[in-house]
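# Reading the structure
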Amino acid sequence: MEFGQTDDQRQLQDSVDRFVRERYSFESWRTFARADAGFSEENWRAMADLGWLAVAVPEAYGGLGLSVRERAVIMESFGRGLVLEPYWSTAVLGAELLLACGSEAQCQDFLPKLAEGRLKLAVALTEPGARFEWTHIRCRAERSGDGYRLNGRKIAVLDAPAADRLLVLARTGGAWDERAGLSLFWVGRDTPRITRRDFRTVDERRCSDLVFDDVQLHDAQLIGVEGAAADVLERAIDHAIAALCSEAVGAMTRLVEMTVDYLKTRKQFGRPLAEFQALRHRVADMVMATEQSRSLATLCSLHLEDGPKNRSYIAAAAKSQIGTAGRFVGQNAVQLHGGIGVTDELPIGHLLKRLMAIDTMLGDTSFHLKRIADHIEV
Amino acid sequence: MSIDLNAFRQEVRAFIRQALPAELRARVERGYGLLSKDDFTFWQKKLYERGWGAPAWPVEYGGAGWTAPQRQIFEDECGRHCCPRTQPQGVKMIGPILYTFGTEAQKKRFLEPILSADEWWCQGYSEPGAGSDLASLTTRAVLDGDHYRINGQKIWTTLAHWADWMFCLVRSDSNGRRQDGITFLLVDMHTPGITVRPIYTLDLEHHTNEVFFNDVAVPVSNRIGEEGKGWTYAKALLVHERTGIAELGRARERLERLKRVAFDPSINGDHLRRDDVFRAQIAQIEIDVLGAEATTVRLLEGGGHPALSSMLKLGGSEISQRLSRLLVDALGPHALRFDLELAQQGPAADDPLPSHAIGRVPEYLAWRSLTVAGGTSEIQRNIIAKMAFGD
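Keep in mind it's a predicted model, so treat the numbers as computed, not measured. (Residues numbered from 1 in each chain as written. Chains lettered and ligands numbered in written order. Predicted model: local features only at pLDDT ≥ 70, side-chain atom pairs only at ≥ 80, totals over all residues. Heavy atoms only, no water.)

## Describing the interface of chain B and chain A
Facing 34 residues of chain B, the contacting portion of chain A comprises 35 residues. Of the roughly 3,100 Å² buried between chain B and chain A on both sides combined, carbon and sulfur atoms contribute 64%. Considering only the side of chain B, the residues that lose the most area to chain A are Ile287, Arg298 and Phe389 of chain B, jointly responsible for 23% of the buried surface there. Counting across the interface, chain B meets chain A through three salt bridges. A salt bridge links Asp285 of chain A to Arg381 of chain B; the shortest N-O distance between them is 2.7 Å. (Contact = heavy atoms within 4.5 Å. Buried area = accessible area lost by both parts, 1.4 Å probe. Salt bridge = Lys/Arg side-chain N within 4 Å of Asp/Glu carboxyl O.)

Structure representation (structure tokens):
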């Protein structure tokens, strides 16, 4: 069984779906979204208690040592439920970067706390002018005493406001667009000389634009080998893409369900909208887009341990697909709800917004399509 | 026992290399079905000798006993390496009906000659008045002693002009529900009263036909199952039919060919290599093929969305059509020529196009039928929607 779920995975899915049902009614969602933090610490603690933050962390570091499939199950259910807690930044992208290039001491420092819910992370990659090209880094970390001096800007860093520590990609060498010379650092939230401007995201989460002005870092804050972060970064990015794809599939699935329910209930011209073929065919197209996305999202998770070329190719295909499909399903769900679809009244607008946000994370549809197009060979 | 799928793929590939003559492969590459009956028979016999005549059939009837991934790999390799496409009427359509619903006598009589290509079949379903609405068919069967008398007409009967037998849906009762008055018959195409008339399609080729029945006698022993239950048996077959049409191995072959043609300097110079829009179209099809392949594995594993076979039929047919159009686009001005004869005979020594770039315009035209045959794309959407709405 490649694409099917094991019994344990099915049980995990039931458990996460129950969490969402019990804690994430639409009214509760609004309450969490309106809070300053944009999420609920109580939910976060519950996730930690349930072991979900520890799912893909090895047992040696206090984790459950399960696979990326379990993480995908959780992300898909979170997508269905519009879950707001900063799970992805901490337990997916952040954890994968630590696991890929952290020293033993750093893993021991970060991961057990992370697994227990006592450490939130945000990962600062994107910079103005670079769009989605993650190797185009102008943030500089120059040697200074027994450490580094960090200077530069990062934009749209998801979950930075709540993060205890930031993981920052900066250049210790090489030209601004070179793969070589990239290094990963960690920075505590209260480090001096960091200016943070916080924003609500389109999907009611929180992000920050950051300015680093001669921020002093110790040697111990370098994660991994200086100048050699590119390969491990791409591996962590592909893991994080797989997780986002699963979340998007959850959101799309929920959008289709809600649209079907609405069309069965809403009557015009004396009958339910569900009887009009034009609308039925639109739903059929939405179902197909969702199932195509589900196939590629799972394929992406299945190939995360492949060599980098194949792993990244499938991740690019999956991310491109869910961007296209997310846009189609989201827009058409709103359309098929008619007038009420363009209000703030229903979850569907927020699922559309979540899919928009996912498209801006780690490269949009066009970016990944171009990556594949640029490497077409006979 | 876990099966080494890579080793299996190599085994299939080695078989193809050894069994498929280069000349036949070249003709398949240029055509898209422009093969003779002898060509298809030759290939089916090669498969039959290997024990691969109908891999998906139960082992007791001649199947290969493969897992779902193995079946997919086999189809994939055959498509990628330009093997003659197994004509579906026998192996994929009536075969499963026979071993599922047929009597022991019928299985004994008909299954083996399908495997060995000693007998050819055609499908007598559609009528001029009954296409998507197949249940409205009116070809009449009247019981007369131990025979039925058939009067009426079938259309879009592909390869009726080669067929020894037809599996045929006829109306045995006009009272009650339309679906309940349909009977499934096996008709000997040599029976007096049958007339086959060719229909030429957009590619100017003769693949399909009209078939007229004038007091055609069919023994009751050639009925599958019970009178009036034909619709049930036919519906079972339609799901099988849908799973076959995705043809993703063939799509992979066309995708690789598209890149070869597009980036061939003698055809396109450097233009398409540097054309971001064209490259993006190729990339998008690559993504869609990858997704469809993954969806196929999900379908074969079972337990996925109930409408996956319809999604694959719809998605796969559209992918093939887009590929066929891009291959035409990749020819530039060469595409003005309707090179059907070259596809049949092969390029001359001084032809500006290599063999694999020929026959692309006729293929594009022939493949407009992919979204119509086997259940139109609109019908597939109806089926997917029906599952989604649960009605």
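## A few points about empty space enclosed by the protein
Across all of its chains, the model carries five cavities of 30 Å³ or more by this definition. In this structure, the largest cavity encloses a volume near 190 Å³. The wall of the largest cavity is formed by 15 residues, among which Gln44, Thr86, Gln87, Val91 and Trp120 of chain B lie closest to the centre. Residue assignment for the lining of the largest cavity shows that the elements contributing at least two residues are α3 (37-50) and α5 (88-101) of chain B. Approximately 40 Å³ is the volume attributed to the second largest cavity. Around the second largest cavity sit Met75, Phe78, Val83, Glu85, Tyr87, Trp88, Arg205, Glu247 and Arg354 of chain A, which together line it. At the level of secondary structure, the elements contributing two or more residues to the lining of the second largest cavity comprise α4 (68-81) and α5 (87-101) of chain A. Residue classes in the lining of the second largest cavity are distributed as five nonpolar, no polar and four charged. (1 Å grid on protein atoms, 1.4 Å probe; cavity = no way out; pocket = protein on both sides within 12 Å on 5 of 7 lines; lining within 4 Å. Points joined across faces, edges and corners; volume = space filled by probe spheres on them. Helix = DSSP H or I, 4+ residues; strand = E, 2+ residues; numbered from the N terminus. Nonpolar A, V, L, I, M, F, W, Y, C, P; charged D, E, K, R; others polar.)

## Observations regarding the environment of Val216 of chain B
Residues and elements named next belong to chain B. Summarising the element assignment, Val216 is placed in strand β7 (residues 206-219). With a relative accessible area of 0%, Val216 lands in the buried category. Spatially, the C-alpha atom of Val216 lies 23 Å from that of Asn175, the residues being 41 residues apart in sequence. Not counting the four nearest positions on each side in its chain, Val216 is found in contact with Tyr148, Arg149, Ile150, Val187, Thr191, Pro192, Gly193 and Ile194. (Buried < 20%, exposed > 50% of the residue type's maximum accessible area, 1.4 Å probe, protein only.)

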